[in-house]
Amino acid sequence: MAVAETVRIALAQIGPKMGDVKGNFEKIRAYTEKAMAAGADVVVFPELATAGYLSQGIFFDVAEKLNSGLKALADVANGISVVLGLVEEDEMGILYNSAMILRNGEVVKGTWQGRKVSSYRKLYLPTYGMFEESRWFTPGSGVPVYELDSKAGSFKGAIVICEDYWQPLTVRIAALRGAQVIFAIASSPKTLQKPKMTHSLLVARAIENTSYVVFVNQAGSQDMVNFWGGSEIIDFEGNTVVSAPLREEALVIGDVDLYRERKYREINPMLKEERAEVIEDYESAFAEMRRSYQS
Amino acid sequence: MTAEGRPPEGEEYPLPPELSFDWREAHDDIVNEIRWHLKNTGADKIVIGLSGGVDSSLSLYLAVKSVGLENVIAMFLPEAGVTPDYDEEDAKAVAGLLGVKLIIKEISPLVEAFSQAINELRANSLALANVKARIRMILLYAEANLIGRAQVLGTSDKSELLLGYTTKYGDSGADFMPIGDLYKSQVRYMASKVGLPKRVWLKPPSPQLIKGKSAQSELGLPYEVLDRLLYYRVDQRYPEEKIAKILSLPVETVNRYSMMIVKSDHKRKAPPIGKIGGATINMDWRMPIERRVIKKRALISLFCSGKRE
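Residues numbered from 1 in each chain as written. Chains lettered and ligands numbered in written order. Predicted model: local features only at pLDDT ≥ 70, side-chain atom pairs only at ≥ 80, totals over all residues.

### Here we look at the overall build of chain B
Then step 1. Per the secondary structure count, chain B includes 13 helices and 4 strands.
Then step 2. A globule of 309 residues ought to have a C-alpha radius of gyration of about 19 Å, and chain B, at 21 Å, matches this closely.
Then step 3. Along the first, second and third principal axes, the C-alpha atoms of chain B reach 70 × 50 × 50 Å.
Then step 4. Counting across all 309 residues of chain B, residues that qualify as buried make up 38%.
Then step 5. Within chain B, counting contacts between residues at least 6 apart in sequence, those at least 24 apart form 73% of the total. (Helix = DSSP H or I, 4+ residues; strand = E, 2+ residues; numbered from the N terminus. Rg over C-alpha atoms; globule rule 2.2 N^0.38 Å. Buried ≥ 20, exposed ≤ 12 C-beta atoms within 10 Å, placed from the backbone. Contact = placed C-beta atoms within 7 Å.)

Right, dumping it as structure tokens:
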């Protein structure tokens, strides 16, 4: 397949209801159909879109109910890739805060260290302040890259989930694996500072990796906490291409110009400049930091 | 000013710079939270105890903004000889301004009944003060039960909650506390910005449980200072010595308030449950509030296995 120059992306900024798998899948399906009608190649849903974010003890129930909904959604997704945040339960009964990509009745496989994987599992599970993800979930071990089809040809994308983009390495790894578009999906609880901080952070991730960042956040309230929405596509120069409103559910469509992105990487060679030796020193510094904590 | 209209440009409460915040954003956040809470607890009405003070006045304003004045009932629960006349005037003024139904009920006969039943209460002003706050809580819940599908909105602010300047199961006995993440100064500031009467947001705070006692006379420092102290201790996690320097206070003073936060921890938590089994409530069994509604709706059958490829 040809290499895509432009890809149309739909940001499905929904507010899932905690534990209401059936209702959430109905909403996800409706948004997917709307995105298809708008000619989108990809529709991106937030982190834990099937479950709600603050679901605590009902994450287990949610994971159990996942599969039938997934299959039905994949069957609807004709000619569109659905990036979906969900609770994944493995055969051992372990839960992951994951994302999958569905298309043409199938789960699209990602490539990770030469292997095929069917989901991306969140690497950094925030467990501080109001967050208690490590209580429910197990972290994943790496960032797969996905070869995705579009009307204009194929392109590469990768997924990071919320806390993952607060840590620069996840997005860096995705870019080094060749991702042209980073799907940064989130369930970000609103504080007065959070929208501005998150935007600044994502602009930095986009610029330092010369990649499009597609940010999709939940919108609406759960347990007296507001999820602020504000989804946006940010280009490799840090400009906002399209953005969704704060707080409210919305479907926003934007195009990414991957030809321009590739040309821009000649001008601003952030990825060409990267050196593995620096990462080795990072490992060393990290080990020293942990040792200094122990002493 | 109306509950629905745009607040006029006017005077504002002088907020200490550390506590400055985007009041419009905070206002909209709280409105969303109130709406969410009602929707997900199966309620559509709110009962609020209105004292004529700034916390309950702003809470009432936000409740009306959230669910409409026809769904909000304010109760003014004075005690003869203790509640000052200006509180009644202010409660009536705020309820009138917002167009909310105001129920006025004297608590004096109930206070007297408790004092007769437990004679020692007359000699213990603290115990009696707590009884008064709990009588008000009982009346608010009775009203909520009588009208049905109603939630009692607690009006405590972050300053009172942190210092434990509340009566357990009294004023802190409520279904939810929308302004509990705003310091008193921030409450006064927002009240001034949304156009509540100046005398309400400038009035020296007082629980009016004991005649003539203001919050400052009981707490020892004005809220302008206390709020900054609490902000540095809780939001910034500064040590007491550093806070004392910033606020030009003796470190012993800062320590005293820091200790009040620690000692009142129990007031901010559900009663601890002794652990016996494996699924102890709140310790192991942790569930979201929204679940109540979910259980009725989310029942789908499974026909696929959970295998990861």
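### Focus: the domain arrangement of chain B
Residue and element names in this part refer to chain B.
Then step 1. Domain annotation of chain B identifies domain 1 (22-204) and domain 2 (220-269).
Then step 2. For domain 1 and domain 2, the distance between their C-alpha centroids amounts to 25 Å.
Then step 3. Each partner contributes to the interface: domain 1 provides 11 residues, whereas domain 2 provides 14 residues.
Then step 4. Where the side of domain 1 that touches domain 2 is concerned, the elements lending two or more residues are helix 6 (158-163) and helix 7 (184-193).
Then step 5. Counted by class, the side of domain 1 that touches domain 2 contains 4 nonpolar, 5 polar and 2 charged residues. (Domains from an automatic or database assignment. Nonpolar A, V, L, I, M, F, W, Y, C, P; charged D, E, K, R; others polar.)

### Let's talk about the sheet that holds strand 9 (residues 146-150) of chain A
All names here are of chain A.
Then step 1. Spatially, 6 strands are ordered 9-10-11-12-15-16 in an open sheet, and the strand pairing comes out mixed. Looking at which strands have only one partner, the edges of the open sheet turn out to be strand 9 and strand 16 (240-243). Direction aside, neighbouring strands of the sheet carry axes that sit 25 degrees apart on average.
Then step 2. Bridging between strand 15 (residues 232-234) and strand 16 involves 3 bridges; their strand directions are antiparallel. Counted as the bridge partner of Ile 233 is Val 242 from strand 16.
Then step 3. Across the sheet, helix 6 (residues 168-176) is in contact with strand 10 (153-161) and strand 11 (181-186); its angle to strand 10 comes to roughly 165 degrees. (Pairing = 2+ DSSP bridges. Axes fitted to C-alpha atoms, helices over the stretch in contact; angles between N-to-C directions.)

### Focus on the sheet that holds strand 2 (residues 72-76) of chain B
Residue and element names in this part refer to chain B.
Then step 1. Spatial ordering of the open sheet is given by 3-2-1-4, a layout of 4 strands whose pairing is parallel. Each edge of the open sheet carries a strand with a single partner, namely strand 3 (101-104) and strand 4 (150-152). Ignoring which end each strand starts from, the neighbouring axes of this sheet average 25 degrees apart.

### A look at the pairing of strand 3 of chain B
Then step 1. As paired strands, strand 2 of chain B and strand 3 of chain B are joined by 4 bridges and run parallel to one another. Each bridged residue has a counterpart across the sheet, and for Ile 73 of chain B the counterpart in strand 3 of chain B is Lys 101 of chain B.

### Digging into the environment of Val 62 of chain A
All names here are of chain A.
Then step 1. Relative to the helices and strands, Val 62 is located in helix 2 (residues 59-64).
Then step 2. On a C-alpha basis, the gap between Val 62 and Phe 183 in space is 23 Å, while along the polypeptide they are 121 residues apart.
Then step 3. Beyond its immediate sequence surroundings of up to four residues, Val 62 is in contact with Gly 19, Val 21, Thr 50, Ala 51, Ser 55 and Val 87.

### So, the nonpolar core
Then step 1. The biggest cluster of nonpolar side chains holds 83 residues, and the ones touching the most others in it are Val 44, Val 83, Ile 182, Ala 184, Ile 185 and Val 214 of chain A.
Then step 2. When residues no more than four places from it in sequence are discounted, the contact partners of Ile 182 of chain A are Ala 158, Val 160, Val 171, Ala 174, Arg 205, Ser 211, Tyr 212, Val 213 and Val 214 of chain A. (Core = buried A, V, L, I, M, F, W, Y, C linked by C-beta atoms within 7 Å.)

### Overview of helix 6 of chain A
All names here are of chain A.
Then step 1. Of all the positions in helix 6, only Thr 170, Val 171, Ile 173, Ala 174 and Ala 175 are classed as buried.
Then step 2. As for helix 6, its buried residues are in contact with strand 10, helix 5 (163-166), strand 11, helix 7 (194-208) and helix 9 (270-273).
Then step 3. One or two residues past the end of helix 6 sits Gly 178, with phi positive at roughly 105 degrees.

### Here we look at the packing of helix 1 (residues 23-40) of chain B against helix 2 (residues 54-67) of chain B
Residues and elements named next belong to chain B.
Then step 1. Two elements in contact, helix 1 and helix 2, have axes whose closest approach is 9 Å; the angle formed by their N-to-C orientations is 65 degrees. The orientation of helix 1 relative to helix 2 falls into the category roughly perpendicular. As helix 1 packs across helix 2, the resulting crossing turns out to be right-handed. From helix 1, Ile 30, Val 31, Ile 34, Arg 35 and Leu 38 reach across to helix 2, where they touch Leu 62, Ala 63, Lys 65, Ser 66 and Val 67.
Then step 2. The residue makeup of the contact of helix 1 with helix 2, split by class, is 7 nonpolar, 1 polar and 2 charged. (Parallel < 35°, antiparallel > 145°, perpendicular 65-115°, else oblique. Left-handed = near helix turned anticlockwise from the far one by under 90°.)

### Considerations on unusual backbone geometry
Residues and elements named next belong to chain A.
Then step 1. You will see that Gln 56, though not glycine, has its phi angle at about 45 degrees, which is positive.
Then step 2. Along the polypeptide, Gln 56 turns up in the loop between strand 2 (42-44) and helix 2.
Then step 3. For Gln 56, a count of 20 C-beta atoms within 10 Å gives the class buried.
Then step 4. Not every positive phi belongs to a glycine, and Asn 104 is a case in point at roughly 45 degrees.
Then step 5. Mapped onto the elements, Asn 104 comes out in the loop between strand 4 (95-103) and strand 5 (106-107).

### Some words on helix 10 (residues 223-235) of chain B
Residues and elements named next belong to chain B.
Then step 1. Those residues of helix 10 lying buried are Tyr 223, Leu 226, Asp 227, Arg 228, Leu 229, Leu 230, Tyr 231 and Tyr 232.
Then step 2. The inward-facing, buried residues of helix 10 contact helix 6, helix 7, helix 9 (215-219), helix 11 (240-247) and helix 12 (251-263).
Then step 3. Once helix 10 finishes, Arg 237 follows within two positions and takes phi at roughly 55 degrees, a positive value.

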